[in-house]
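Per-entry structural report
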Amino acid sequence: MTIRKSFIAAATAALCGAMIAGPLAAQTVKVGLINTYSGPMASNGDQIEKAINLFMKLGQCKLPPGVNLEIIKRDDTGINPETAKRLATELIVRDKVQLLTGVVWTPNALSIAPLATEAKVPFVIMNAGTAMITERSPYIARTSFTLWQSSYPMGTWAAKKFKTAYVAVADFGPGHDAQEAFTKAFTAGGGKVIGTVRMPPPTSDFAPFLQRVKDAKPDALFVFVPAGKSATALIKGFGDLGLAQAGIKLIGPGDIVTDEELPNMGDVPIGVMTMFHYSAAGERPANKSFVAAYQKEYGPNAWPNFISVGAWDGMQAICDVVRAQNGKVDGDKTMLLLRGWKNPNSPRGPIEIDPRTRDIVQNEYIRETRKVGGILKNVELETIPMVKDPWKEFSQK
Ligand code: PHB
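Here the residue index of a chain counts from 1 through its sequence in written order. Per-residue local features of the predicted model are confined to residues with pLDDT of at least 70, and side-chain atom pairs are confined, for both listing and counting, to 80 or more; whole-chain, interface and lining totals are unaffected and use all residues. To get the side-chain values, all heavy atoms of the structure are used, and hydrogens and water are removed first.

Turning to the overall build of the protein chain, a few remarks are in order. Only DSSP runs of H or I covering at least 4 residues are called helices, and only runs of E covering at least 2 are called strands; the numbering of each starts at the N terminus. A count of helical and extended segments in the protein chain gives 12 helices and 14 strands. A compact globule built from 397 residues should have a C-alpha radius of gyration of about 21 Å, and the protein chain, at 23 Å, falls within 12% of that. By its C-alpha atoms, the protein chain is 95 × 50 × 35 Å across when sized along the principal axes. Under the scheme applied here, a residue whose accessible area is under 20% of the maximum for its type counts as buried, over 50% as exposed, and between as partly exposed, the area being computed with a 1.4 Å probe on protein chains only. Within the span of the protein chain, comprising 397 residues, buried residues form 56% of the whole. When the accessible surface of the protein chain is totalled, it reaches about 16,200 Å², and 57% of it is carbon and sulfur. Just to be clear, the radius of gyration here is over C-alpha atoms, and the globule rule we use is 2.2 Å times residues to the power 0.38. Method for areas: the Shrake-Rupley scheme with a 1.4 Å probe, in which residue coverage is limited to the protein chains shown.

A few words on the packing of helix 10 (residues 306-324) against helix 11 (residues 331-338). Contact geometry for helix 10 and helix 11: axes closest at 10 Å, N-to-C directions at 120°. When the axes of helix 10 and helix 11 are compared, the pair comes out oblique. For the pair helix 10 and helix 11, the sense of crossing is right-handed. In contact with Ala317, Val321 and Ala324 of helix 10, helix 11 contributes Thr334, Leu337 and Leu338. Amino acids outside the nonpolar list (Ala, Val, Leu, Ile, Met, Phe, Trp, Tyr, Cys, Pro) and the charged list (Asp, Glu, Lys, Arg) are all regarded as polar, and Gly is one of them. In terms of residue class, the contact of helix 10 with helix 11 is built from 5 nonpolar, 1 polar and no charged. Orientation is described by lines fitted to C-alpha atoms, with helices fitted over the stretch in contact, and by angles between N-to-C directions that extend from 0 to 180 degrees. Working definition: roughly parallel below 35 degrees, roughly antiparallel above 145 degrees, roughly perpendicular at 65 to 115 degrees, and oblique for all remaining angles. We call a crossing left-handed when the near helix sits turned anticlockwise from the far one by less than a right angle, and right-handed when that turn is clockwise. By definition, residues are in contact when any of their heavy atoms lie within 4.5 Å.

Here we come to the state of the cysteines. To count as a disulfide, a pair of cysteine sulfur atoms needs to be within 2.5 Å. If you walk through the whole model with that rule in mind, you get 1 disulfide. The disulfide partner of Cys61 is Cys319, and the S-S distance across this bridge is 2.1 Å. On the sign convention where negative means left-handed, the S-S torsion of about -105° between Cys61 and Cys319 marks this disulfide as left-handed. Of this pair, Cys61 sits in the loop between helix 2 (42-57) and strand 2 (67-75) while Cys319 sits in helix 10, and the two are 258 residues apart along the sequence. By relative accessible area, which is 0% here, Cys319 ends up buried.

Right, let's talk about the site of the ligand for a bit. Each residue is tested against the molecule or strand, and it is near if at least one of its non-hydrogen atoms lies within 4 Å. Taken together, 14 residues are adjacent to the ligand, and Trp105, Thr106, Gly129, Ala227 and Asp255 come closest. Any N or O atom pair separated by 3.5 Å or less is treated as a polar contact, with the protein-specific requirement of one donor-capable and one acceptor-capable atom, and with residues adjacent in sequence counted only for side-chain atom pairs. In this structure, Thr106 approaches the ligand through a side-chain N or O atom, which is 2.5 Å from an oxygen atom. Separating an oxygen atom of the ligand from a backbone N or O atom of Gly129 is a distance of 2.8 Å. When the free accessible area of the ligand is taken as 280 Å², the share hidden by the protein chains comes to 100%. For the shell around the ligand, the residue count by class is 10 nonpolar, 3 polar and 1 charged. As used throughout, domain bounds are those supplied by an automatic or database domain assignment. Shared between two domains, the shell around the ligand takes at least three residues from each, and those domains are domain 1 (26-145 + 286-358) and domain 2 (148-276 + 364-395).

In the sections that follow, a salt bridge refers to a side-chain nitrogen of Lys or Arg positioned within 4 Å of a carboxyl oxygen of Asp or Glu. Applying the stated criterion across every chain, the model contains 18 salt bridges. Arg86 is the partner of Glu90 in a salt bridge, and the nearest nitrogen-oxygen pair spans 3.6 Å. Remark: Arg86 and Glu90 occur in helix 3 (residues 81-93); sequence separation between them is 4 residues, near one turn of the helix. Among the salt bridges present, the one from Lys236 reaches Asp240, with a minimum N-O distance of 3.0 Å. Taken together, the positions of Lys236 and Asp240, both in helix 8 (residues 229-240) and 4 residues apart, correspond to about one turn of that helix. Classification of Asp240 by relative accessible area gives exposed; the value is 59%. One connected set of salt bridges, linked through shared partners, spans Arg142, Asp359, Asp389 and Lys392.

Here we take up the side chain of Asn287. Among the secondary structure elements, Asn287 is positioned in helix 9 (residues 285-298). Owing to a relative accessible area of 0%, Asn287 belongs among the buried residues under this scheme.

Assigned domains of the protein chain: these are domain 1 (26-145 + 286-358) and domain 2 (148-276 + 364-395). Between the C-alpha centres of domain 1 and domain 2 the distance comes to 27 Å. Residue-level contacts link 30 residues of domain 1 with 28 residues of domain 2. Interface area for domain 1 against domain 2, summed over the two sides, is near 2,000 Å², with a carbon-plus-sulfur share of 64%. Taken together, the links from domain 1 to domain 2 amount to 2 salt bridges. Lys388 is paired through a salt bridge with Asp354; the nearest N and O atoms lie 3.6 Å apart. Linking domain 1 with domain 2 are 7 residue pairs in polar contact (both at pLDDT 80 or more), by the criterion used here. Here the side of domain 1 that touches domain 2 takes 4 residues from strand 12 (residues 349-353), the largest share from any one element. In short, buried area is how much 1.4 Å probe accessible area vanishes from two parts on joining, totalled over both.

Shown next, in the form of structure tokens:
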């Protein structure tokens, strides 16, 4: 090698070294995703998984050159707070994640909350919807919903249509919230709750509970059960026992007519009225292109539901805060950025994180399940704009 050539080689090597150590050094941000990949409730986790994979594949996560996201996935196997706690601990201590996300189930989110606080690791909740979760750690922000957000306006709406209602809810956090929120608004509007039942989650045999409801003869039955297979079992029980024929109207938050399960529910859901923040049938252009991209990727019969949208928007929030910090993620700075984070164009409509509560503010839609062009859809009829979590509004000092 001539002197000249070896000089060029050395200079090139030095330059490469400088580039690696300099401002363009690769910066990998680790995100721990705790999700339900197995067990009887795995279809809910699949909604999160599909949305995140699609978001990343379509290049929606726009990061500065040299900054990458590494998503480390862990399976909590269902409503399993001990497992969720162990997984979060490992992700924080061993994998050194800078953010936590995912989490379908309230009990799991509650067990992770103190760990997020202790480690100052921001935790972006993509589903779990019990109102008080966000108060369990200043490092939590939520991109999903609260049950109060749907069930309180549902109670107000229902009081104008029905004199009596029966309330049946899954016996855990989100069910308790749905019951309390609906009852408060329905009775304030002059309605009377003539019976209440709490059902074990997850259950697939609703017949004993529904028989009690049928005997009580309410005008309406308000139900919360978790989305996914539980919702389909509930609808089947409602159909089998002939509650609609007995003159009882089924109402609830949108979880009970979850979009991806509508094709498995027969015609029973036709006429069911629900309040919710997302329908796959929403006419917004951002939703049409979201559903089209989803079906292009996963097939023409794959429907995203609200859990997918919570994950889609959660990824947007995560990518935005990582970008704003140029990949150098600090827990407190991240929370400042999440407070007030906005997306005017989510598939569900405009959304923002309330800077005071770190909970989501979004439209609620009153919907009727109808058969449109041969398939069942949750058709949005009216919009209640930019609803804050009512539970926090009521408890505000
Ligand atoms: C929850 O655990 O908070 C949860 C789970 C499923 C739902 C809604 C809420 O459909």
